[in-house]
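Listed below are the residues making up each chain.
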Amino acid sequence: MLPEENKIYEGDSIEIMREWDDNSIDHCITDPPYNMSKKKGLGWAFSNHVTMEEEWDIFSREDYLEFTRQWLKEVCRVVKPNGNIFIFGSFHNIYDMGFIVNEMDLKILNSIVWFKPNAQPNITCRMLTESTEHIIWACNEIKDKATNWVFNYDIAKQLNGNKQMRNVWHFPYPSPKERRFGKHPSQKPIDVITRIMLIATNKDELVLDCFSGSGTTGLVAQGLGRKWIMIDSNPEYNEIAKTRLEKIEVQLPTGLLQTELNLS
């Protein structure tokens, strides 16, 4: 069956995607679990604060690899050939995901580094403060057949001061204003998703986020004239996403005209 557009599906993303027809979605932008949480959380070196104890983010290594293969297999099935797939990760999981993307022989177009100037301090005080996340940009086709993926080059240049856009992006972590309707531990900034949406999707195309959390992908798609589908198993996060979809209006970056969204 065809997935229902502009809907948040609640449940297991792999099982839900298995019900959908092949080639029914244009692109995927998603932020899967990073497998960095601990059963008892992570404690700060000089306080009693505990963080990173999300149950949905805890796997054995073998289970995590299999989980990644299963959800990515379904994404590649439901996304049209040569559609764009963007996968967020940190150093905890990006190498495993990159290995699996290569294992599936997908064409990797870029590895994007998102630098966060306001990243959380290192809680152990025994290593450098981690200030980046990584984004794999892949084309949904085997390397030798990949062609004609969406890349709105002219828009990318405009967003970057009329210069070719590089693969290191400088954006702060989401502000309290973006998180005012509720918090997700790995919420992505509207500005980061807006950039991806503008350079790698076209107006009226259908974009999937199969681990949607607080709903930033759908929020941006809705504001930029794209259709969206989101999946998350957590009712609390889905309620945050619904509220954000009702209350927040995404604006085009300064200097980019509405008519330019029609570029392909």
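Whatever comes next refers back to the structure up there.
Residues numbered from 1 in each chain as written. Predicted model: local features only at pLDDT ≥ 70, side-chain atom pairs only at ≥ 80, totals over all residues. Heavy atoms only, no water.

Engineer: Please clarify how the overall build of the chain should be interpreted in this entry.
Structural biologist: The helix and strand inventory of the chain stands at seven helices and ten strands. Scored against the burial criterion, the 264 residues of the chain give a buried share of 50%. Sequence-distant contacts, at least 24 apart, represent 72% of the contacts inside the chain between residues at least 6 apart. About 13400 Å² of surface is accessible on the chain, with carbon and sulfur atoms providing 49% of the total. (Helix = DSSP H or I, 4+ residues; strand = E, 2+ residues; numbered from the N terminus. Buried < 20%, exposed > 50% of the residue type's maximum accessible area, 1.4 Å probe, protein only. Contact = heavy atoms within 4.5 Å. Areas by Shrake-Rupley, 256 points an atom, 1.4 Å probe, with all protein chains shown as cover.)

Engineer: Which parts of the structure should I look at to understand the pattern of salt bridges?
Structural biologist: If the charged atoms of two oppositely charged side chains come close together, the side chains can form a pair. Here the structure, examined in full by the defined rule, presents 14 salt bridges. The shortest N-O distance in the salt bridge between Lys7 and Glu4 comes to 3.7 Å. Residue Arg69 is joined to Glu103 by a salt bridge in which the shortest nitrogen-to-oxygen separation is 2.7 Å. Taken as a pair, Arg69 in helix H2 (residues 61-78) and Glu103 in helix H3 (residues 94-103) lie far apart in primary sequence, 34 residues in all. Look at Arg69 and you get partly exposed, because its relative accessible area is 27%. One network of salt bridges, in which partners are shared, links Glu15, Arg18, Asp22, Glu74 and Arg77. (Salt bridge = Lys/Arg side-chain N within 4 Å of Asp/Glu carboxyl O.)

Engineer: Would you explain helix H6 (residues 216-223) in this entry?
Structural biologist: Since one α-helical turn is 3.6 residues long, residues separated by three or four positions face the same way. When you tally the buried positions in H6, you get six out of eight residues, the bulk of the element. Residues Thr216, Thr217, Gly218, Leu219, Val220 and Ala221 constitute the buried set of H6. Contacts made by the buried residues of H6 are with strand E2 (27-30), helix H5 (190-200), strand E9 (206-209), strand E10 (227-232) and helix H7 (235-247). At the exit of H6 stands Gly225, carrying a positive phi of roughly 80°.

Engineer: Help me understand the packing of aromatic side chains, please; the structure alone is not making it clear to me.
Structural biologist: Any two aromatic rings considered together are summarised by their centre-to-centre distance and by the angle between their planes. Under the definition given, this model contains seven aromatic pairs. Judged by centre distance (5.3 Å) and plane angle (80°), the ring pair of Trp71 and Phe211 falls under edge-to-face. Taken together, the residues Trp71 in helix H2 and Phe211 in the loop between E9 and H6 connect sequence positions 140 residues apart. The class for Trp71 is buried, based on a relative accessible area of 0%. Exposure remark for Phe211: the relative accessible area of 14% places this residue in the buried category. (Phe/Tyr/Trp six-rings, centres within 6.5 Å; stacked < 30°, edge-to-face > 60°.)

Engineer: Explain the nonpolar core here, please?
Structural biologist: By size, the foremost hydrophobic cluster in this structure holds 37 residues, and its most contacted members are Ile29, Phe86, Phe88, Ile196 and Met197. For this core, the secondary-structure elements that each account for two or more residues are strand E5 (84-89), strand E6 (106-115), strand E7 (132-142), helix H4 (153-159), H5, H6, E10 and H7. Ranked by the residues each element gives to this core, the list is headed by H5, at eight residues. Core analysis: the second largest hydrophobic core is formed by 31 residues, Ile16, Met17, Met97 and Ile136 among them. (Core = buried A, V, L, I, M, F, W, Y, C linked by side-chain atoms within 4.5 Å.)

Engineer: Could you clarify how one ought to interpret the packing of H2 against H3 in this entry?
Structural biologist: Packed helix pairs are characterised by how far apart their axes lie and by the angle those axes make with each other. In contact at an axis separation of 10 Å, H2 and H3 are set at 45° when each is read in the N-to-C sense. Considering their axes alone, H2 and H3 lie oblique with respect to each other. In this structure, H2 meets H3 at a crossing whose hand is right-handed. For the pair H2 and H3, contact is made by Arg61, Tyr64, Leu65, Thr68, Arg69, Trp71 and Leu72 and by Asp96, Met97, Phe99, Ile100, Val101 and Glu103, respectively. Of the residues that constitute the contact of H2 with H3, the class distribution is eight nonpolar, one polar and four charged. (Axes fitted to C-alpha atoms, helices over the stretch in contact; angles between N-to-C directions. Parallel < 35°, antiparallel > 145°, perpendicular 65-115°, else oblique. Left-handed = near helix turned anticlockwise from the far one by under 90°. Nonpolar A, V, L, I, M, F, W, Y, C, P; charged D, E, K, R; others polar.)

Engineer: Explanation requested: empty space enclosed by the protein in the structure shown.
Structural biologist: Empty pockets left among the atoms are what a rolling probe the size of a water molecule brings to light. Enumeration over the complete set of coordinates arrives at one cavity of 30 Å³ or more. Of the pockets and cavities examined, the largest cavity occupies roughly 140 Å³. Lining the largest cavity are 17 residues, with Asp31, Lys188, Asp209, Phe211 and Ser212 positioned closest to its centre. Broken down by secondary-structure element, the contributors of at least two residues to the lining of the largest cavity are E2 and H6. Residue composition of the lining of the largest cavity, by class: four nonpolar, ten polar and three charged. (1 Å grid on protein atoms, 1.4 Å probe; cavity = no way out; pocket = protein on both sides within 12 Å on 5 of 7 lines; lining within 4 Å. Points joined across faces, edges and corners; volume = space filled by probe spheres on them.)

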